Amino acid sequence: MSEPSATEFTPNYVWFAGNGGYYHKDASQTTSTSVFYEMKTRDSSGNDTTPSWMVGQYGIEFRYENNNTVLYCNTGNNTDIPYFFAGGAVSQQVATGDTVTATLNDGTTAYTFVVTSSMLWTSGSGSGAGTSTQGVGWGGSFYNVTSSEFSYKVFHTSAFTSPQTYELHSTTLTPTFISDLVVGAASGSINSRTHTWGTPDVVEIRDAYGTVAAQLTLSHATASKKVFCNFW
């Protein structure tokens, strides 16, 4: 599956009216089945004005569950608005065009937003399908796969003693090496790149020892995927 592609979205504010609030994807929290959008604010010139009391506490989790996108409030480090969704629910399955209502602790509407396709987890199809795996220490995945480009990322699920380098390789074309990523040593570190493609290929994300975390088949007609488990 592919994670939501939206990097940010702006709700229709009630409680936050006039504060320039918007939701921004926090890539440091992304896993193979979860994406967090955190509340931030900025002024009319685009300068960040997010207050310290808001950082990391006003987010919404977009989770992949049984081929659906389900929103959760007050998960991860989030402990504040939204406390609930409409009707006092702490989770809400969504589809394109759905309206999400976030509320304060007393049920008062804080803001609303309409779900777009870019906010949804999707199953890969058509030009290629990505796979992801999360092993002990690190994981990798492909996402935003189209007929002309794809993206990949590597993330650390535990701390390392130094930054780690990972490589993207072709298994069918020469030269095999395509690019590399350096991921910080800290747990939660993440890095990503985007590539264009035109020739059908099978590409893999590998660590320095050749361990494969994810494989992507790039084909204009069909798509296939494989999942690997890596141990560190």
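On a predicted model such as this, the values are computed, not experimentally measured, just so you know.

What to know about the nonpolar core
Judged by nonpolar contacts, the single largest core of 27 residues is most densely connected at I60, F62, L71, Y111 and F113. Breaking this core down by element, the ones donating at least two residues are strand 4 (34-41), strand 5 (60-65), strand 6 (68-73), strand 9 (99-103) and strand 10 (109-114). One finds V145, F160, L168 and I205 within the second-largest nonpolar core, a separate group that totals 19 residues.

A word on the sheet that holds strand 8 (residues 91-94)
Read from one edge to the other, the open sheet built from six strands follows the order 1-3-4-5-6-8, with strand pairing classed as antiparallel. Two strands close off the open sheet at either side, each with one partner strand: strand 1 (8-9) and strand 8. In the sheet, strand 5 pairs with strand 6 via six bridges, with the strands oriented antiparallel. When the sheet's bridge partners are listed, I60 is paired in strand 6 with C73.

Topic: the pattern of salt bridges
This model, assessed by the stated rule, comprises six salt bridges. Ionic pairing is found between E204 and R206, a salt bridge with its closest N-O pair at 3.1 Å. A relative accessible area of 22% places R206 in the partly exposed class. A network of salt bridges, in which partner residues are shared, links E3, K25 and K153.

Some thoughts on the sheet that holds strand 9
An order of 2-10-9-7 is seen for the four strands of this open sheet, with the pairing classed as antiparallel. The sheet terminates laterally at strand 2 (12-13) and strand 7 (84-85), the two strands that pair on one side only. In this structure, strand 7 lies alongside strand 9, joined through two bridges in antiparallel fashion. Within strand 9, the residue paired with F84 across the bridge is T103.

A short note on unusual backbone geometry
As a rule of thumb, non-glycine residues mostly have phi less than zero, and peptide bonds are mostly trans rather than cis. A cis amide bond links I81 to the next residue, P82, at an omega of 0 degrees. Inspection of the secondary structure assignment puts P82 in the loop between strand 6 and strand 7. Residue N144 is not a glycine yet carries a positive backbone phi of 50 degrees. Tracing the chain through its elements places N144 in the loop between strand 13 (138-143) and strand 14 (149-156).

Cut-offs used in this document
Residues numbered from 1 in each chain as written. Predicted model: local features only at pLDDT ≥ 70, side-chain atom pairs only at ≥ 80, totals over all residues. Heavy atoms only, no water. Core = buried A, V, L, I, M, F, W, Y, C linked by side-chain atoms within 4.5 Å. Buried < 20%, exposed > 50% of the residue type's maximum accessible area, 1.4 Å probe, protein only. Helix = DSSP H or I, 4+ residues; strand = E, 2+ residues; numbered from the N terminus. Pairing = 2+ DSSP bridges. Salt bridge = Lys/Arg side-chain N within 4 Å of Asp/Glu carboxyl O.

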